[in-house]
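# A closer look at the structure
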Amino acid sequence: MTFWPLLAAAALAGADTLTIPAGLDAYLPVPGSNPLTREKVELGKRLFFDTRLSRDNTVSCATCHDPQKAFTDDRPVGAGVGGRSGDRRVPRIVNRGYGKSFFWDGRAASLEEQVLQPIQNPKEMDLTLAEAASRTGVPVEKLQQALASYVRTILSGDSPYDRYLQGDRDALTAGQRLGLRLFRGKAGCTSCHLGPNFTDERFHNTGAGRAAGDGRYAATKDPRDRGAFKTPSLREAARTPPYMHDGSLQTIEEVIDFYDKGGKPSPSLDPEIRELHLTAEEKTALAAFLQALNGKVRDGM
Amino acid sequence: MRSGNAALALAAAFGWAAAELPPPAPRLVWSGPEVTLLGGPSRDGRHLSYVDAATGHLAIRDLASGRGRILTQKPAGSREFAYFSAISPDSRRVAYAWFNEEGYYDLRVVDLDGSNPRTLYRNEEAGFIQPCAWTPDSRSILTLLFRADNISQIALAPAEGGPPKVLRSLNWVYPKRMDISPDGRYIVYDSFAGESSGDRTLYLLSADGASEKKLLGAPGNYLFPLWTGKRVVYAGDRSGTMDAWELEIENGEPRGAPKLLRRDLGRILPLGITAAGDLYYGLRSGSVDVFVTTLSDPKGDARRVTLRFPGRNSMPDWSRDGKAIAYLSRRGSENFGQESRAIVIRRLDSEEERELLPKLAHLERVRWSPGGDALLASGSDNKGRGGLYLVNPETAAVRPLVSEAAASFRGFEGAWSSDGQRVLYPYHEQELRSRLVSGGSEATLYRGPRLHGLAVSPDGRWVAVGAGGKSIALIPAAAGEARLLPFDGLTELEWGRDLMAGRGAELWRIPLDGAAPLKLAGPGNRQAGFSLCPDGESIVLTAGNAKSEVWAVALK
């Protein structure tokens, strides 16, 4: 019989500890090959804000993933070097340490695999890895480990919802409590947005988007995955419009209307997406509840 | 007397050398209809915590004398009850789940002599909790929290009270058991082996949340881990039967291969391991099956109507044309909790049986539509939402009719309107709703406390529903006042030629004119689930004896 540590050992080296905000699991998966250390996290943070990582020295990770905006921006799709437009909405990168796959279509299996891609993407930072290493003086592997480590420390929690879960009945308004009931009940949002991070980390076609994109299909080539995108966490979502993988919905209210109508028709529409028959009052309550997921965003160690 | 001695005597009689002693035989610790399996032994091996089946109280059994003692108190007529429990390492306190008067579970603790009762944690948001083990320093209780969005959480609840520290959240799955290492550094739990796997395996999570690893990789179902010394003892079905295995763990790493401890323990539920190394476990045995008999001679002419898997069948439903019976049949090696069940369709005009495996996590019962083209299933789906589902009797395809995270895994009771257009159900046992099968619009027919037991008259004019445990409400389908027929202790209702009620094992005929109900001479071992044939004379029912016992076996 063989044993293998699939979910690899992770402990923080030495006395370095990461403060996990209320509402999130104490267990934050970290690969055994890249243990979290203060040194790496600090280097990663410097690199994250370093514009030398882009061809024209104008764009850093933080240009698109702005800490003031829960590590996203306010455009429908990302804007990279020379004002080039990307293809997709910039995701909030909070609590991604708990993620199972990365990008809207899940094409990266780990943060380590993910973080080097924006540097090389011609529409984002447009450098070769060798250029990135020589400009910053940090070897590629270290760059990769440091950026991934820093991203792991970007966490959002301690929201009114978290305080409510811990037993503070007054942390949510009456309207938000109704919204929470709808979120779990009539509106069925928890079939996909569940757990501390409000995501099942799976892929679904909600019909969202201007054009029916490939989505997960690009990674799996399974026709059932056409138009399916990864369920995003809803933490900090209410304060960071626009929405969906192509930023095609402008407000939380539009998102709720979208779900209320049963998404948009598509051959591979997820069976959980159906007309909801929400009243105006119920829609308001749902939107109010989503506001309660704005908490405190913290990063670094 | 301990049967270890008997084994020694046996060894001596056969001239075995000490090294070749046969493994000690398991010994029966407790049997009888009052056995419940929700607690565990104290480390000193002197006591066993359990739920007193008659009263719902937490109780403690003195294993030497066999005497039981109730530890909890509640007001008369209260619907509160105790559930899972775990005794502290010093064998002085019991942590237990308590279903409170508001309808969810508290984490409570009480001394073994019944003194110092305290509520440690009470939060509607953790609607169900399971204390599994105490940390070795007795400061925290390793507890499972079940949240309303159908995730479970592994948490450490402070024994002095206060919010638990959540270590790990799991979507749509809950560990069947978890335990903590004697040095307090590691937690072992069972959960699914992968995203799409139905098999469980063991995971080792460090108690500070810093790391986690999968312990077993070989195919098979591994569950119910318990810790003793440096070893994790668990149940596994690699060999085809449920066996006890052990795996040595050192510094958070497995050492060597798992060792088979005992073969074929049956449907076991490990309860705990004492300091002396005795594994206590529950065992479910007995056989329950589906029988056809006649109302005129229900005891005399019963014959088993199932063709396969004897002893694992229940909850029959007769089709309206009288030609088929649908029933549930237990499958797989899952021992406790939500068992996997298949729907079996038994044609009565041939020796034919067909099995349906709908994509539902739990099936509680099924009912044929009047036209025979659909089965209405009570149960829950793979995301833990309870409700009512339509199952296609040809393809097993499932369509949710009512499904919500807040419902129990048993789902809602349901009955068809006589024209098959609507499904009636007591929503959370408080509101009798009627739902259009196509389209989904709903109307409320009746409100009342504890609506349980539901049947529609074949002519479609009446709906009968058990109300408050004391009466049956007869509701005219066409609107009008409900009439209450007094009937105590109702557990089920069915409507064929007559309205028939179950009260525990008993079967009663309920006259509609208010005359006294008439008890039938049914089989004394009848279990829940019966259905009436349209011929007005035949009845199909569940009967048998399911029993629970507590056993112990020395592991050393």
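Cut-offs applied
Note that residues are indexed from 1 along each chain, following the sequence as it is written. For this description, chains carry letters from A and ligands carry numbers from 1, given in the order in which they are written. For a predicted model such as this one, the threshold for reporting local features is a pLDDT of at least 70, and the threshold for listing and counting side-chain atom pairs is 80 or more; totals across whole chains, interfaces and linings nevertheless cover every residue. Hydrogens and waters are ignored; side-chain quantities use all the structure's heavy atoms. Each helix corresponds to a stretch of at least 4 residues labelled H or I by DSSP, and each strand to a stretch of at least 2 residues labelled E; elements are numbered beginning at the N terminus. Only protein chains enter the accessibility calculation, which uses a 1.4 Å probe. A residue is then buried if its area is under 20% of the maximum for its type, exposed if over 50%, and partly exposed in between. In this description, contact between two residues means that some pair of their heavy atoms is separated by no more than 4.5 Å. With residues, only the protein chains shown are counted as cover, and all accessible areas are computed by Shrake-Rupley using a 1.4 Å probe. Paired rings are identified among Phe, Tyr and Trp, the last through its six-membered ring, by centres lying within 6.5 Å, and are further divided according to the angle between planes into stacked (under 30 degrees), edge-to-face (over 60) and tilted (the rest). We count a charge as sitting over a ring when the NZ of a lysine or the CZ of an arginine lies within 6 Å of the ring centre and within 35 degrees of the ring normal. Two strands are counted as paired when DSSP detects at least two bridges linking them. Axes here refer to lines fitted to C-alpha atoms; in helices the fit is confined to the stretch in contact. Angles between the N-to-C directions go from 0 to 180 degrees. By the definition adopted for this analysis, an angle is roughly parallel if under 35 degrees, roughly antiparallel if over 145, roughly perpendicular if from 65 to 115, and oblique otherwise. For this scheme, ten residues count as nonpolar: Ala, Val, Leu, Ile, Met, Phe, Trp, Tyr, Cys and Pro. Four count as charged, namely Asp, Glu, Lys and Arg, and the remainder, Gly too, count as polar. Salt bridge, as applied in this entry: a Lys or Arg side-chain nitrogen positioned within 4 Å of an Asp or Glu carboxyl oxygen. The term nonpolar core refers to a set of buried residues drawn from Ala, Val, Leu, Ile, Met, Phe, Trp, Tyr and Cys, joined through side-chain atoms within 4.5 Å. The predictor attaches a confidence to each residue, called pLDDT, with possible values from 0 through 100. Once two parts are joined, some of their accessible surface, as seen by a 1.4 Å probe, is lost; buried area is that loss totalled over both. By the definition used in this description, the sense in which the near helix is turned from the far one sets the handedness, with an anticlockwise turn below a right angle giving left-handed and a clockwise turn giving right-handed.

All right, on to the overall build of chain A then. Across its full length, chain A holds 11 helices and four strands. C-alpha extents for chain A along the principal axes are approximately 60 × 50 × 45 Å. In chain A, buried positions account for 55% of the 301 residues. Of the contacts formed within chain A by residues at least 6 apart in sequence, a portion of 67% connects residues at least 24 apart. For chain A, the exposed surface amounts to about 12900 Å²; the carbon and sulfur share of it is 54%.

Evaluated as defined, the whole model comprises 27 aromatic pairs over all chains. Geometrically, the ring pair formed by Y83(B) and Y105(B) is edge-to-face, given 6.0 Å between the ring centres and 65° between the ring planes. Placement of Y83(B) in strand β5 (residues 81-87) and of Y105(B) in strand β7 (residues 105-111) is noted, with a sequence separation of 22 residues between them. Judged by relative accessible area, Y83(B) falls into the partly exposed class, the value being 28%. Judged by its relative accessible area of 12%, Y105(B) falls in the buried class. Taken together, the aromatic side chains of F81(B), Y83(B), F84(B), F99(B), Y105(B), F128(B), F146(B) and Y174(B) make up a single cluster linked through ring pairs. When the ring centre of F103(A) is taken as reference, the NZ or CZ atom of R107(A) above it lies at 3.8 Å. In this structure, R226(A) packs its charged tip against the face of Y217(A), placed 3.9 Å from the ring centre.

Residue and element names in this part refer to chain B. With six of seven residues buried, strand β14 (residues 186-192) lies mostly within the body of the structure. Note: strand β13 (residues 178-180) against β14, three bridges, orientation antiparallel. Its bridge partner lying in β14, I180 is registered against I187. Hairpin connection between β13 and β14: a loop of five residues separates the two successive antiparallel strands, and G184 in this loop has a positive phi of roughly 75°. Looking at chain direction, β14 and strand β15 (residues 200-206) are connected through seven bridges and run antiparallel.

Another point: helix α8 (residues 174-184) of chain A. Of all the residues in α8(A), the buried ones are Q176(A), G179(A), L180(A), L182(A), F183(A) and R184(A). Here the buried face of α8(A) lies against α7 (160-165) and α11 (280-291) of chain A.

Right, let's talk about the pairing of strand β34 (residues 431-436) of chain B for a bit. Residue and element names in this part refer to chain B. Taking burial as the measure, the six residues of β34 include five buried ones, the bulk of the element. Looking at chain direction, strand β33 (residues 422-427) and β34 are connected through six bridges and run antiparallel. Within β34, the residue paired with Y425 across the bridge is R433. Between β34 and strand β35 (residues 442-447), which pair antiparallel one after the other, the connecting turn spans five residues, and G439 there sits at a positive phi close to 110°.

Residues and elements named next belong to chain A. For the pair helix α1 (residues 38-48) and helix α6 (residues 140-152), the least separation of the axes is 7 Å and the interaxial angle reads 95°. Between α1 and α6, the angle falls in the class roughly perpendicular. In this structure, α1 uses E39, K40, V41, L43, G44, K45, L47 and F48 to contact α6, whose residues at the interface are K142, L143, Q145, A146, L147, S149, Y150 and V151. Here the contact of α1 with α6 is composed, by residue class, of nine nonpolar, three polar and four charged.

Side chains that differ in charge, positive against negative, can pair when their charged atoms come close. For the coordinates displayed, the defined rule picks out 62 salt bridges over all chains. A salt bridge links K69(A) to D66(A); the nearest nitrogen and oxygen atoms lie 3.5 Å apart. Classification of K69(A) as partly exposed rests on a relative accessible area of 32%. Note on D66(A): relative accessible area 19%, which makes it buried. One salt bridge connects R433(B) with E442(B), and the closest N-O pair in it is separated by 3.3 Å. Overall, R433(B) belongs to the buried group, its relative accessible area being 17%. Through salt bridges that share partners, E101(B), E102(B), D106(B), R108(B) and R122(B) make up one connected network.

On to the nonpolar core, then. Residue and element names in this part refer to chain A. Membership of the largest hydrophobic core comes to 36 residues, with the highest contact counts inside it found for L47, F48, I119, L143 and L147. Residue assignment for this core shows that the elements contributing at least two residues are α1, α2 (61-64), α3 (111-115) and α6. If near-sequence neighbours (up to four positions away) are discounted, I119 is found in contact with L53, M125, D126, L127, A132, L143 and L147. Of all hydrophobic cores here, the second largest spans 31 residues; its members include A171, C189, L234 and F258.

Attention now goes to the confidence of the model for chain B. All names here are of chain B. Confidence in the prediction of chain B, expressed as mean pLDDT, is 90, and 94% of residues score 70 or more. Between residues 1-20, whose pLDDT stays under 50, and residues either more than four places distant or in other chains, the model counts 13 contacts. Both scores are available for the predicted complex, with the pTM at 0.88 and the ipTM at 0.92.

Between chain B and chain A, the residue contacts involve 41 residues of the former and 34 residues of the latter. Counting the surface lost from both chain B and chain A, the interface buries some 3000 Å², and carbon and sulfur atoms represent 53% of this. Across the contact surface, chain B and chain A share four salt bridges. Taking the shortest distance from any N to any O, the salt bridge between E124(B) and R169(A) comes out at 3.7 Å.

To continue, consider the environment of G80(A). All names here are of chain A. Relative to the assigned elements, G80 resides in the loop between α2 and α3. The class for G80 is buried, based on a relative accessible area of 9%. Contacts of G80, omitting those with residues within four sequence positions, involve V59, K123 and E124.

Looking now at the sheet that holds strand β31 (residues 398-404) of chain B. Residues and elements named next belong to chain B. Here four strands make up an open sheet; going across it, the order is β28-β29-β30-β31 and the pairing antiparallel. The open sheet has two free edges, formed respectively by β28 (362-368) and β31, since each of these has just one partner strand. Taking the axes of each pair of neighbouring strands and ignoring which way they run, one obtains an average angle of 20° across the sheet. Taken together, the six bridges between strand β30 (residues 386-391) and β31 define a ladder with antiparallel strand orientation. In the sheet register, L388 faces β31, and the bridge partner there is V402.

Moving on, we come to unusual backbone geometry. All names here are of chain A. Omega for the bond connecting P241 with P242 falls within 30 degrees of zero, at -5°, which places this linkage in the cis form. Considering the arrangement of structural elements, one finds P242 in the loop between β3 (229-230) and α10 (252-260). In the Ramachandran plot, F71 falls in the positive-phi region, its phi being about 65° despite a non-glycine side chain. Mapped onto the fold, F71 is located in the loop between α2 and α3. The backbone phi angle of E201 is positive, close to 60°, even though this residue is not glycine. Locating E201 in the fold gives a position in the loop between α8 and β2 (203-204). You can call E201 buried: its relative accessible area is 9%.

This brings us to the sheet that holds strand β4 (residues 68-70) of chain B. All names here are of chain B. Read from one edge to the other, the open sheet built from three strands follows the order β2-β3-β4, with strand pairing classed as antiparallel. Two strands lie at the open edges of the sheet, namely β2 (47-51) and β4, each paired on one side alone. Pairs of neighbouring strands in the sheet enclose a mean axial angle of 30°, with direction left out of account. Across three bridges, the pairing between strand β3 (residues 58-62) and β4 is antiparallel. Paired with I60 across the strands is R69, a residue of β4.

Residues and elements named next belong to chain A. Contact geometry of α10 with α11 gives a least axis separation of 10 Å together with a crossing angle of 125°. Classed by the angle they form, the pair α10 and α11 counts as oblique. Once α10 is placed against α11, the crossing between them reads as right-handed. Each of I252, E253, I256, D257 and D260 in α10 lies in contact with α11, whose residues at this interface are K283, L286, A287 and L290.

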